[in-house]
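Each chain, written out:
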Number of protein chains: 2
Amino acid sequence: MLNYTTSEENYIKAIYRLQSADGMVTTNELAAEIQAKPASITDMMKKLKAKKLLNYQPYQGFRLNAEGFKVALMIVRRHRLWEFFLAEKLKFTWDEVHEVAEELEHVSNKKLIDKLDEYLGFPRKDPHGDPIPDANGKIEISKKICLSELPLNTIAVVASVGDQSSEILELLEHKKIAIGTKLEVKKKFEFDNSIEIKINRHPILTISEQLAKNIFVNYGE
Amino acid sequence: MLNYTTSEENYIKAIYRLQSADGMVTTNELAAEIQAKPASITDMMKKLKAKKLLNYQPYQGFRLNAEGFKVALMIVRRHRLWEFFLAEKLKFTWDEVHEVAEELEHVSNKKLIDKLDEYLGFPRKDPHGDPIPDANGKIEISKKICLSELPLNTIAVVASVGDQSSEILELLEHKKIAIGTKLEVKKKFEFDNSIEIKINRHPILTISEQLAKNIFVNYGE
DNA sequence: TTATTTTTTTAGCTTTGTCTAAATTTATTT
DNA sequence: AAATAAATTTAGACAAAGCTAAAAAAATAA
Ligand SMILES: [Mn+2]
Ligand SMILES: [Mn+2]
Ligand SMILES: [Mn+2]
Ligand SMILES: [Mn+2]
């Protein structure tokens, strides 16, 4: 496995994130994800195709091939191990780990990462509940869905928030819900689609339909 | 304190390393240190002068100014803290830590470094015996001398090694000399400048001039 | 099926950091 | 003091990674 630049790695990881089971990723999709102009995407897709990391034909979109997928999993592994380290050992809070891991993930010394993994006790999930690929690139399947679709009595981890307004953040803060919070849905009411959730050692909370649709969780073993 | 690119930081650190109490650093010196061509040095010196990190007049050499020195100390702090982390927590041997720290040092999130420092218990020396600047840039003055200058029958502690090639490390391993090893010089021979040293409970060892010049020790206090 | 809109690509420009080769300045020898 | 050598800077080139604006292709609407 060769070494790639920070830019190449950020593109590879973003394609990995966007590419679902079948479909192609489009230029505009990736441009939005990476916060760059479509012309820059086309440039990089040519480069990554030349490096045999993806399939790409002009105007037809692109997908990582087997090699590109393997590379992506190693970047994801580094990112999530560092996130775990920051939260577990350095006591960073949920909103701080991602940004720092976004930089640390590009230090790609294999021994460093494998020893870090060992030091951390081979954690299987990062602080957002996302699975950490092992040294061979093996990764648990876990599903990310919105809170209103979470089955009853299933422990899940808050992974992200759809709306980013200060209003929703104020409400989440008030209810003590944050990225990484473990919860389960105890009741669902059909009248207004509100739900009741339980967080360890806290009283039952009521969540409105609007709020539930903006909270995304990871679950599944 | 602004952020600097990886390249700028490597140049700043190299100048810090070369610049002694008084004299100027020359273009060729820095070119050799950084393994780049003299023309590249001149380019970067113009850039760092424009950023007000050093004094530089064409053909007259250069020196970090107060601000550049402060920046250098923070890079050195990051480098040595990561080296300590790698040796202490991830069980890297002391000859493996430098290369990895050379990359990690460029992740310049202040909170990351200060929390890492705290997590490590505010270590004062890196695995090579070099002092680690604190969060304010304060650094112990180490009175290091090389083994060939150590007076006879004076107990000293190995603090660092000049050359860090695998060849010298192999030799040091063979002779059971490591950071922290206590020793004293028992004899000096003028013919080839070789010396004989004594390490507690070990037979007398012969050290060549080349080797002695690359072993630095702390003594007295 | 044509026309219009959207998406994507191409062409050309910018910045950063590197290089080689030539010019210039400083230092050292006759 | 010249002449020569060494050190340093300048000039011009290149690759990476981004951008804007224009052209081309694909998708959608009329
Ligand atoms: Mn990143
Ligand atoms: Mn994560
Ligand atoms: Mn470095
Ligand atoms: Mn060191």
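Residue indices begin from 1 for each chain and proceed along its sequence in written order. Chain labels run from A onward and ligand labels from 1 onward, assigned in the order the entries are written. Owing to the predicted nature of the model, reporting of local features is limited to residues with pLDDT of at least 70; listing and counting of side-chain atom pairs is limited to 80 or more, with chain, interface and lining totals taken over all residues. Only hydrogens and water are set aside when side-chain values are computed; all heavy atoms of the structure are taken into account.

Enquirer: Got a minute to help me understand the packing of helix 1 (residues 6–18) of chain A against helix 3 (residues 38–50) of chain A in this structure?
Expert: Two quantities define a packed helix pair, namely the angle between the axes and the distance from one axis to the other. All names here are of chain A. Inter-axis angles, ranging from 0 to 180 degrees, are taken between N-to-C directions of lines fitted to C-alpha atoms, where helices are fitted over the stretch in contact. A run of H or I in DSSP counts as a helix once it spans at least four residues, and a run of E counts as a strand once it spans at least two, with each numbered from the N terminus. Relative orientation of the contacting elements helix 1 and helix 3 amounts to 95°, with a least axis distance of 11 Å. Considered as vectors, helix 1 and helix 3 are oriented roughly perpendicular to each other. Here Ser7, Glu8, Tyr11, Ile12 and Ile15 of helix 1 come into contact with helix 3, specifically with Ser40, Ile41, Met44, Met45, Lys47 and Leu48. Just so you know how the angles are binned, under 35 degrees is roughly parallel, over 145 roughly antiparallel, 65 to 115 roughly perpendicular, and the rest oblique. Note on contacts: a residue pair is in contact if any heavy atoms of the two residues lie within 4.5 Å.

Enquirer: In this structure, what is going on with the protein's contact with DNA strand D? I would like to understand it.
Expert: The nearness test applies per residue and asks whether one of its heavy atoms lies within 4 Å of the molecule or strand. Around DNA strand D, the surrounding shell holds 20 residues, and the nearest of these are A:Thr5, A:Ser40, A:Lys47, B:Lys46 and B:Tyr56. Taking A:Tyr11, its side chain carries an N or O atom lying 3.2 Å from a phosphate oxygen of DNA strand D. Elements represented by at least two residues in the surface near DNA strand D include exactly helix 1 and helix 3 of chain A together with helix 2 (27–34) and helix 3 (38–50) of chain B. Taken together, the residues of the surface near DNA strand D break down into nine nonpolar, seven polar and four charged. We define a polar contact as two N or O atoms separated by no more than 3.5 Å, with the added condition that, inside protein, one atom must be a possible hydrogen donor and the other a possible acceptor, whereas residues neighbouring each other in sequence contribute only through side-chain atom pairs. For this classification, Asp, Glu, Lys and Arg are treated as charged, while Ala, Val, Leu, Ile, Met, Phe, Trp, Tyr, Cys and Pro are nonpolar and the rest, including Gly, are polar.

Enquirer: Even after reading the chapter, I still don't get the protein's contact with DNA strand C, so can you show me in this structure?
Expert: Close to DNA strand C lie 20 residues, the nearest being A:Lys46, A:Tyr56, B:Thr5, B:Ser40 and B:Lys47. In the interface set of DNA strand C, defined as its atoms within 4 Å of the protein, sugar plus phosphate atoms amount to 79%. Here A:Tyr56 contributes a side-chain N or O atom positioned 2.6 Å from a phosphate oxygen of DNA strand C. B:Thr5 is positioned with one of its side-chain polar atoms (N or O) 2.6 Å from a phosphate oxygen of DNA strand C. Sorting the residues of the surface near DNA strand C by element identifies helix 2 (27–34) and helix 3 of chain A together with helix 1 (6–18) and helix 3 of chain B as the ones contributing at least two each. Each residue belonging to the surface near DNA strand C can be placed in one class, and the counts come to nine nonpolar, seven polar and four charged.

Enquirer: Could you clarify how one ought to interpret the relation of the copies chain B and chain A in this entry?
Expert: The two chain copies are connected by a rotation around an axis plus a translation along it. In screw terms, the move from chain B to chain A is a rotation of 178° and a rise of 1.2 Å along the axis, fitting with an RMSD of 2.6 Å. Taken together, the turn and the small shift mark the pair as related by a two-fold rotation axis. By C-alpha distance to the rotation axis, the residue of chain B lying nearest is B:Leu104, at 3.6 Å. Taken together, the interface assignments show that 100% of the residues at the interface of chain B recur at the interface of chain A, consistent with an identical surface on both copies. In this comparison the copies share one frame, found by least squares on the C-alpha atoms of residues holding pLDDT of at least 70 in both.

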